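Observations on the model geometry
Residues per chain are reported as follows:
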Amino acid sequence: LAGITQVLYYNGVFNAPDTQLLPVLRSPLLGLHVSIIIVAYVLFLVMTVRGIIGLTSQAKSEKYLPLNRKLLFSAVCCLTVGIFLGAVWANLSWGRYWGWDPKEVWALITLLLYALPLHPSLCPRLQAYEYFHWYAIAAFLSVLMTYFGVNFLLGGMHSYAG
């Protein structure tokens, strides 16, 4: 729903006729970039909630782990594609792929944190369901920082901190 709303907004459906967006903000790549990253963040949220349920359920069973691993892979893929589309859009708009903006840096940190459990040889402990779920819960703090912390605390092109 959030993604559809974003696409409709960036295509002008929700934009008032008397307010004109800058040409750089009318790019379809912007809508795709934001929508795909939102999908990744939602998948990370679902994975975190499932991890909390898996750790707090009385049986503490491993039944939450297989789907959480699939969610992790899907979310990391979405985040990677979203960051890539953002870089392509930035290059078309400003002539550079990466500007080390706080939002870009935190998105990269989030990507690297969530990509770690996809490599079992680097962290074999994360293959156990309890460690994996605890890690997923802790890693979600980077999503919160990327989405809220940067927007309201730090400066940069992606910020609303004023």
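What this report covers is the structure whose coordinates are included nearby. (Residues numbered from 1 in each chain as written. Predicted model: local features only at pLDDT ≥ 70, side-chain atom pairs only at ≥ 80, totals over all residues. Heavy atoms only, no water.)

Things to note about the overall build of the protein
To be explicit about the condition: By definition, any uninterrupted DSSP run of H or I lasting at least four residues is a helix, any uninterrupted run of E lasting at least two residues is a strand, and each is numbered from the N terminus. For the exposure calls, accessible area comes from a 1.4 Å probe over protein chains only, and a residue counts as buried if that area is under 20% of its type's maximum, exposed if over 50%, partly exposed in between. Contacts: residue pairs with any heavy atoms within 4.5 Å of one another. Note that accessible areas follow from Shrake-Rupley with a 1.4 Å probe, and for residues the cover is restricted to the protein chains shown.
A count of helical and extended segments in the protein gives 5 helices and 0 strands. Tracing the protein from N to C terminus, the helices and strands come up as α-α-α-α-α. Here the protein holds 162 residues, and the buried ones make up 37% of them. When contacts within the protein are restricted to residue pairs at least 6 apart in sequence, long-range pairs at least 24 apart make up 70% of them. Summing over all exposed atoms, the protein offers an accessible surface of approximately 9,500 Å²; the carbon and sulfur share of this is 71%.

Remarks on the environment of Ile83
Checked against the element boundaries, Ile83 lands in helix 3 (residues 65–94). Residue class for Ile83 comes out buried when judged on its relative accessible area of 17%. Ile83 sits 25 residues away from Leu108 along the chain, and the two C-alpha atoms are 8.2 Å apart. Other than its neighbours up to four places away in sequence, Ile83 contacts Ile37, Trp98, Ala107, Leu108 and Leu111.

Some thoughts on the packing of aromatic side chains
The relation between two aromatic rings is expressed through the spacing of the ring centres and the mutual angle of the planes. Here is the rule we go by: The criterion for an aromatic pair is that two Phe, Tyr or Trp rings (for Trp, the six-membered ring) have centres within 6.5 Å, with stacked assigned to planes under 30 degrees apart, edge-to-face to planes over 60 apart and tilted to the rest. To sit over a ring, a charge needs its Lys NZ or Arg CZ within 6 Å of the ring centre and within 35 degrees of the ring normal.
Taken as a whole, this structure holds 5 aromatic pairs when the rule is applied. Between Trp89 and Trp94, the aromatic rings sit 5.1 Å apart at their centres with planes inclined by 80°, giving edge-to-face as the arrangement. Taking the relative accessible area as the measure of exposure, Trp89 reaches 8% and is therefore buried. Cation over ring: Arg69 sits above Phe132, and NZ or CZ is 4.7 Å from the ring centre.

Things to note about the side chain of Arg50
Counted only if it meets this: Charge assignment: positive for Lys and Arg, negative for Asp and Glu; neither His nor the chain ends contribute. For this document, the term salt bridge refers to a Lys or Arg side-chain nitrogen within 4 Å of an Asp or Glu carboxyl oxygen. In the analysis that follows, any N or O atom pair within 3.5 Å is treated as a polar contact, provided that within protein one partner can donate a hydrogen and the other can accept it, and provided that, for residues neighboring in sequence, both atoms belong to side chains.
Residue placement: Arg50 occurs in helix 2 (residues 28–56). Glu62 is the oppositely charged side chain nearest to the buried, salt-bridge-free Arg50, at an N-O distance of 12 Å. In terms of polar contacts, Arg50 uses its side chain to reach the backbone carbonyl oxygen of Tyr64, at 3.3 Å. Each residue touching Arg50, except ones within four places of it in the same chain, is listed here: Lys63, Tyr64, Leu67, Asn68 and Leu71.

Re helix 4 (residues 102–115)
Side chains of residues three or four places apart in an α-helix project in the same direction, reflecting 3.6 residues per turn. Applicable threshold: Expected helix span is taken as 1.5 Å per residue step, with the number of steps being one fewer than the number of residues. Summarising the geometry, the arc corresponds to the directions from the helix axis toward the C-beta atoms.
Compared with an ideal rise of 1.5 Å per residue, which puts 14 residues at 20 Å, helix 4 spans 20 Å between its outermost C-alpha atoms and is within 8% of the ideal. Along helix 4, the residues that are buried comprise Lys103, Glu104, Ala107, Thr110, Leu111, Tyr114 and Ala115. Looking down the long axis of helix 4, one finds its buried residues gathered within 125° of arc, a one-sided arrangement. Buried-residue contacts for helix 4 involve helix 2, helix 3 and helix 5 (129–152).

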